[in-house]
Structure formats: structure tokens, C-alpha cells
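Below, each chain spelled out in residue letters.
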Amino acid sequence: MHVDLNADMGESFGPWPMGSDAALLDVITSANIACGFHAGDWDVMAQTMSLAVANDVGIGAHPGFPDLQGFGRRRMHLSHDSLRNLVRYQLGAAQAMARSVGGAVRHLKLHGALANMASEDAAMATACYEGALSVDPDIIIMVLAATQQQTAVETLGCRWAGEIFADRAYNDDATLVDRSLPGAVIHDADVAGRRMVEMVKAGAIITESGRHIPAAVDTICLHGDGATALQIARSVRGALAEAGVALQRFEGRQGAISRT
């Protein structure tokens with residue numbers, strides 16, 4: 001068995017640091033790097049991508065809403081045409097920066113409220129992914145497994161990878177528990193490690209109620225801005241290794257999978 005381990009990062013801004021990106025890049029296999037709209041800036045993008053190349057970590061574009069103050073976690077309502085352009089703009093910036101440091105963008109993952117809304121609305125997800133695919137038809141779209149994001153990529157027929165979260169709790173429809181609710185964010189590294197082994201072995205998302213939702217478990221995510229992000233990354237990696245699960249970059253899949 002094998003699985004990818006990814007983290008959201010590149011979220012510092014000017015002189016204000018966010019997260020432990022350099023240390024995380026020693027642990028993970030893929031990095032979702034902010035494109036300057038919800039977090040990050042051009043210097044941070046360049047530095048983070050350069051470190052990713054040096055650590056042989058897969059580079060992903062991580063576009064979000066234009067919401068620096070709210071860290072991209074506030075819902076916005078844009079037309080589908082605008083969403084396509086929003087994603088194109090950020091992916092193009094990520095591609096240019098990655099090339100400049102000797103790397104390449106291999107995947108794309110939506111951020112924050114943009115991702116949460118797309119996980120509930122297949123038409124919105126489709127618009128975002130159409131924007132990305134119009135720039136790079138071969139890019140791998142990382143989706144929240146078993147949500148409307150997955151419905152969108154299966155319909156589009158593009159390459160995709162299913163993602164589960166080490167540090168977030170799940171509702172019974174496979175969406176993430178709202179951050180404003182108790183227990184939505186998992187801070188205990190040992191708990192995160194144990195639950196990831198359980199989900200990877202089950203091939204399923206395990207919700208707060210204990211429901212098992214069959215899912216494409218291609219990659220595990222943790223949020224790089226969390227106070228215990230590095231501890232969680234190391235705990236998940238160690239727990240997977242102990243369970244005989246190797247870490248390996250996802251290659252992407254095409255077509256639909258059974259959810260029964």
C-alpha cells in the first residue's frame with residue numbers, strides 16, 4: 001500500500017511568517033502552494049517552490065478567493081466565468097514561478113471557502129476545473145474525495161487524485177465540519193496519525209458519527225498554518241510506515257470509481 005502526503009503552504013506574507021514550510025518539506029511528498037490571493041506573495045511563492053524542488057516534493061497550485069484578510073475562508077459568490085478566470089490567473093502565476101526555479105506545477109487544489117463551496121456544488125467545481133484544464137489539460141486535479149468535486153472531475157474525464165484530511169473532522173456527506181464548530185480541527189498529532197492509518201486501510205472517510213464512506217484515498221492533507229502541523233506530519237508519516245504503508249507521490253487516476 002502507498003499514499004501521498006501533502007500540505008498547504010507558501011502562506012507567509014512579506015515579513016510575516018506562517019507555518020514551518022522548510023521543515024514540512026522534509027516530511028511530505030506534495031506541496032499545495034498559495035498563489036497570492038488568499039495568502040502568500042511572489043517572493044514567498046518563489047522561495048517555497050525552490051525549497052520544494054530541492055526536496056523533490058511535487059508542486060501544486062493552491063488557488064483561493066481574493067481574500068487576504070480572511071485567509072480565503074470567507075465565502076464569496078462569483079459567476080462561473082469569473083471563477084474560471086480566477087483559477088487561470090493563479091495557476092498561470094504558479095506555473096511561471098515554478099519554471100523559474102527549475103520545477104513544474106503537476107497538480108491543482110482549491111483552497112478554503114472556494115474548495116468547501118465546490119465540494120457542495122458540482123457546477124461550481126466544474127467551472128473552476130475547466131479554468132485549470134484550459135491552461136494545462138494534463139494537470140492532476142486534487143479533489144475532496146467523495147464530494148461534488150469528485151463528481152466534477154469524473155464528468156470532465158480529467159486526471160484527478162482523491163484527498164482526505166489528517167487534521168479535519170468530517171460530516172456524514174464527506175464534507176468538512178465547519179471550523180466554527182467544536183472538534184472541527186484536530187490538533188493532537190497522535191490522534192491524527194491513528195485515524196489516517198485507519199482511513200487508508202479502510203479505503204474510506206470515517207466521519208464524526210463513525211460512518212464509513214468509501215473514498216479514493218490517494219493523498220492525505222494537513223494544513224501548514226496549524227500550530228501542530230509539523231508534529232502531525234511526522235506522526236502521520238511514522239504511523240503509516242509502522243502500518244506498512246509507503247509514502248509516494250500520487251500519479252492521478254481517470255474515470256469514475258464506485259462509491260457503494
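For the structure, check the block above.
Below: a short report on this structure. (Residues numbered from 1 in each chain as written. Predicted model: local features only at pLDDT ≥ 70, side-chain atom pairs only at ≥ 80, totals over all residues. Heavy atoms only, no water.)

So, on to unusual backbone geometry. The residue Phe 71 is not glycine, and still its phi comes out positive at about 55°. Note that Phe 71 resides in the loop between β3 (58–62) and α3 (80–100). A relative accessible area of 12% places Phe 71 in the buried class. If you check the backbone angles, Ala 174 has positive phi at about 75° while not being a glycine. Counting through the fold element by element, Ala 174 comes out in the loop between β6 (160–165) and α7 (189–202). (Helix = DSSP H or I, 4+ residues; strand = E, 2+ residues; numbered from the N terminus. Buried < 20%, exposed > 50% of the residue type's maximum accessible area, 1.4 Å probe, protein only.)

Looking now at the nonpolar core. Core analysis: the biggest nonpolar cluster contains 77 residues, and Leu 108, Leu 110, Tyr 129, Ile 141, Ile 205, Ile 220 and Val 236 have the highest contact counts within it. For Val 236, the residues in contact, after removing those within four places along its chain, are Leu 5, Ala 166, Ala 192, Gly 193, Met 196 and Ile 220. (Core = buried A, V, L, I, M, F, W, Y, C linked by side-chain atoms within 4.5 Å. Contact = heavy atoms within 4.5 Å.)

Let's shift gears to the environment of Ala 239. On the secondary structure map, Ala 239 appears in helix α8 (residues 229–242). Considering only alpha carbons, one finds Ala 239 and Arg 253, 14 residues apart in sequence, at a separation of 25 Å. Beyond its immediate stretch of four places on either side in the chain, Ala 239 contacts Gly 193 and Val 197.

Now for the pattern of salt bridges. The full count for this structure, using the stated rule, is nine salt bridges. Between Arg 73 and Asp 225 there is a salt bridge; the shortest N-O distance is 3.3 Å. Taken as a pair, Arg 73 in the loop between β3 and α3 and Asp 225 in the loop between β9 (219–223) and α8 lie far apart in primary sequence, 152 residues in all. Residue Arg 73 is classed as partly exposed on the basis of its relative accessible area of 31%. Classification of Asp 225 as partly exposed rests on a relative accessible area of 23%. Ionic pairing is found between Asp 218 and Arg 253, a salt bridge with its closest N-O pair at 2.6 Å. Here Arg 253 lies in the segment after β10 (246–247) and Asp 218 lies in the loop between β8 (212–214) and β9, a separation of 35 residues in the sequence. Counted as one network, the salt bridges with shared partners bring together Asp 8, Lys 109 and Glu 163. (Salt bridge = Lys/Arg side-chain N within 4 Å of Asp/Glu carboxyl O.)

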